[in-house]
Amino acid sequence: MIAKQMEELVNGSSVIRAMFEEGKKMAAEYGEDNVFDFSLGNPSVEPPEEVRQAVIDIIENEKPNELHGYMNNSGYEDVRRTVADSLNQKHGTHFTEENIVMTVGAAGGLNVILKALVDPGDEVIVFAPFFGEYRNYVANVGGTTVVVPPDTETFMPDLPEFERRITRRTKAVIINTPNNPTGVVYSEEVLRGLADAMTRKQEEYGTDIYLISDEPYRELVYNGVKVPYVTKYFANTIVGYSYSKSLSLPGERIGYLVIPDEAVDAGRIMSAANVATRILGFVNAPSLQQRVIARCIDAKVDVESYDRNRLLLVEHLRKYGYECASPDGAFYLFVKSLEPDDAAFAAKAKELNLLVVPGSSFACPGYVRIAYCVSYDMIVRALPAFEKLADIYSLGTEDGGKDGQKT
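Read on for an overview of the structure. Computed from a predicted structure; not experimentally measured.

## A short note on the overall build of the protein chain
Right, so step 1: Check the secondary structure of the protein chain and you find 15 helices and 12 strands.
Right, so step 2: Taking 2.2 N^0.38 as the reference for a compact globule, 407 residues should give roughly 22 Å; the C-alpha atoms of the protein chain span a radius of gyration of 22 Å, in line with that estimate.
Right, so step 3: Here the C-alpha coordinates of the protein chain stretch approximately 65 × 55 × 50 Å along the principal axes.
Right, so step 4: At a minimum sequence separation of 6, the contacts of the protein chain that also span at least 24 residues come to 74%.
Right, so step 5: When the accessible surface of the protein chain is split by element, carbon and sulfur atoms take 48% of a total near 17800 Å².

Right, dumping it as structure tokens:
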């Protein structure tokens, strides 16, 4: 028999991944052009040309024993220095390679830092809606996930409710901005409010609380929106970053952690992160991808393609009667379900070959997530299905159910 902990995790396995696998089966059955899979945040935009050229040049010209061998658990010193210098130039920070740990994507980085910080029984606060895997990451180190309910008017953190949920056992707080699944970007005012609340509670309890900022979507923003750099607002901040979205490299698993000197016990946290990298089996981030990142540190994907998709979907879904905010970042729409049961609504959508993710997967029932990191053509082909789905609920037919509601 498998471990009891894994029984629970398997039973609660990612709905997103399950839908992605279902989408592949449906595409094989009905044809790819007839299935509209908006389930997975898998970038459709190609990586920048610089990435391909860097891979070719590195493989052809670097010595194999140097390229493919072990390095420090934190990663190559020169790569970490390049990352630190880039951050300093962009955000006016003062990091060095000693503040950077190269990681196996953002997920690897989050698992490393939680392993480094959280003891069994410690609490980690998250804000609904949130990426569902956070629960598994926290459970993996014996922690307890504490959820702040969503403010569905703004999808910004509910600061008074947040402060009420901080206890003596609170060890960390995870934020995600730009946010998955809403696309919301946390404002400077919100970040200052978070910092003030955490500072007050640290003083009240005599404890240290760490703010973990999960930032794989930092570069995916629209209309000139700026994403504040969180280390400027709270000393005990640790940043996790991934190139999965910013360079369209989700399968390459490369990212980093920033552990600022200002964080309490920063040196020991860095040491713990290195040991955690080994304990969790990563050992170090992929060597080839580290070298690629160093050469492509200023490369960018075509964000305009995502913006074009965003505008097309928002315009038409609202016209059909759906309620959705226009997101400022990432590549997701969080849309109000046309019936209270978001899982039933997603099932009804699936009957029209539309794959969307129930908001319950993000601890926010009554909504669904649409990942628009797909081809523009697929969105165009999917629009009639979205319109038909809205019509089913609008007409209150037997298919839509008497409880169907048009918002």
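There's plenty left to go through after this.
## Quick look at a negative patch on the surface
Right, so step 1: Residues Glu77, Glu98, Asp261 and Glu262 make up a contiguous surface patch of negative charge.
Right, so step 2: What makes aspartate 261 exposed here is its relative accessible area of 55%.

## Section: the sheet that holds strand S11 (residues 357–358)
Right, so step 1: Spatially, 3 strands are ordered S9-S12-S11 in an open sheet, and the strand pairing comes out antiparallel. Two strands lie at the open edges of the sheet, namely strand S9 (332–336) and S11, each paired on one side alone.
Right, so step 2: Where S9 lies against strand S12 (residues 367–371), 5 bridges are found, and the strand directions are antiparallel. Among the inter-strand pairings, leucine 333 is bridged to a residue of S12, identified as isoleucine 370.
Right, so step 3: Running at roughly 10° to S9, helix H13 (residues 303–320) makes contact with S9 and S12 of the sheet.

## Quick notes on the side chain of arginine 369
Right, so step 1: Following the sequence through the fold, arginine 369 ends up in strand S12.
Right, so step 2: Of the side chains with opposite charge, aspartate 37 lies nearest to the buried arginine 369, which makes no salt bridge, at 8.2 Å.

## Some words on the side chain of serine 213
Right, so step 1: By the secondary structure assignment, serine 213 is in strand S6 (residues 210–214).
Right, so step 2: What makes serine 213 buried here is its relative accessible area of 0%.
Right, so step 3: Within the structure, the side chain of serine 213 is placed 2.7 Å from the side chain of glutamate 215, a separation counted as a polar contact.

## Remarks on the pairing of strand S4 (residues 144–148)
Right, so step 1: Taking burial as the measure, the 5 residues of S4 include 4 buried ones, the bulk of the element.
Right, so step 2: Bridge count between strand S3 (residues 123–127) and S4: 5 bridges; the pairing is parallel. Its bridge partner lying in S4, valine 126 is registered against valine 147.
Right, so step 3: Between S3 and its parallel partner S4, the chain crosses via helix H7 (residues 133–140), and the hand of that crossover is right-handed.

## Focus: the environment of phenylalanine 127
Right, so step 1: The residue phenylalanine 127 is located in strand S3 in this model.
Right, so step 2: Looking at phenylalanine 127, the relative accessible area reads 4%, which means it is buried.
Right, so step 3: Each C-alpha atom of the pair phenylalanine 127 and lysine 300 lies 29 Å from the other, and the pair is 173 residues apart in sequence.
Right, so step 4: Residues contacting phenylalanine 127, with those up to four places away along its chain left out, are Val148, Pro157, Phe162, Val173, Ile174, Ile175, Tyr186 and Leu194.

## Here's the deal with the sheet that holds strand S7 (residues 237–242)
Right, so step 1: Taken together, 7 strands build an open sheet; the order of strands is S2-S8-S7-S6-S5-S3-S4 and the sheet is mixed. Looking at the sheet topology across the chains shown, the edges are occupied by strand S2 (100–103) and S4. Each adjacent strand pair in this sheet contributes to an overall mean axis angle of 20°, direction not counted.
Right, so step 2: As judged from the 5 bridges shared by strand S5 (residues 170–176) and S6, these two strands associate in the parallel manner. Note that in S6 the partner of valine 173 across the bridge is leucine 211.
Right, so step 3: Relative to S5, helix H9 (residues 188–205) is tilted by about 175°, and along the sheet it contacts S3, S5 and S6.

## Observations regarding a nonpolar patch on the surface
Right, so step 1: Side chains of Ile2, Met6 and Val10 sit close together on the surface and give an oily, nonpolar patch of about 260 Å² of accessible area.
Right, so step 2: What makes methionine 6 partly exposed here is its relative accessible area of 38%.

## Some details on unusual backbone geometry
Right, so step 1: In this structure, the amide linkage connecting alanine 128 to the following residue, proline 129, adopts the cis form with an omega of -5°.
Right, so step 2: Take proline 129: it is sitting in the loop between S3 and H7.
Right, so step 3: For the bond running from threonine 177 to proline 178, omega is -5°, close enough to zero to count as cis.
Right, so step 4: Mapped onto the elements of the fold, proline 178 is located in the loop between S5 and H9.
Right, so step 5: Unlike most non-glycine residues, valine 283 shows phi in positive territory, near 70°.
Right, so step 6: The residue alanine 363 is not glycine, and still its phi comes out positive at about 65°.
Right, so step 7: Summarising the element assignment, alanine 363 is placed in the loop between S11 and S12.

Definitions and limits used
Residues numbered from 1 in each chain as written. Predicted model: local features only at pLDDT ≥ 70, side-chain atom pairs only at ≥ 80, totals over all residues. Heavy atoms only, no water. Helix = DSSP H or I, 4+ residues; strand = E, 2+ residues; numbered from the N terminus. Rg over C-alpha atoms; globule rule 2.2 N^0.38 Å. Contact = heavy atoms within 4.5 Å. Areas by Shrake-Rupley, 256 points an atom, 1.4 Å probe, with all protein chains shown as cover. Patch = residues over 30% accessible without salt bridge, like charges linked within 9 Å, V, L, I, M, F, W, Y side chains within 5 Å. Salt bridge = Lys/Arg side-chain N within 4 Å of Asp/Glu carboxyl O. Lys, Arg positive; Asp, Glu negative; His and termini not counted. Charge placed at Lys NZ, Arg CZ, Asp CG, Glu CD. Buried < 20%, exposed > 50% of the residue type's maximum accessible area, 1.4 Å probe, protein only. Pairing = 2+ DSSP bridges. Axes fitted to C-alpha atoms, helices over the stretch in contact; angles between N-to-C directions. Polar contact = N/O pair within 3.5 Å; in protein donor to acceptor, adjacent residues only side chain to side chain. Right-handed = clockwise from strand over helix to strand, strands pointing away.

Remember that the coordinates give geometry; whether it matters functionally is a separate question.
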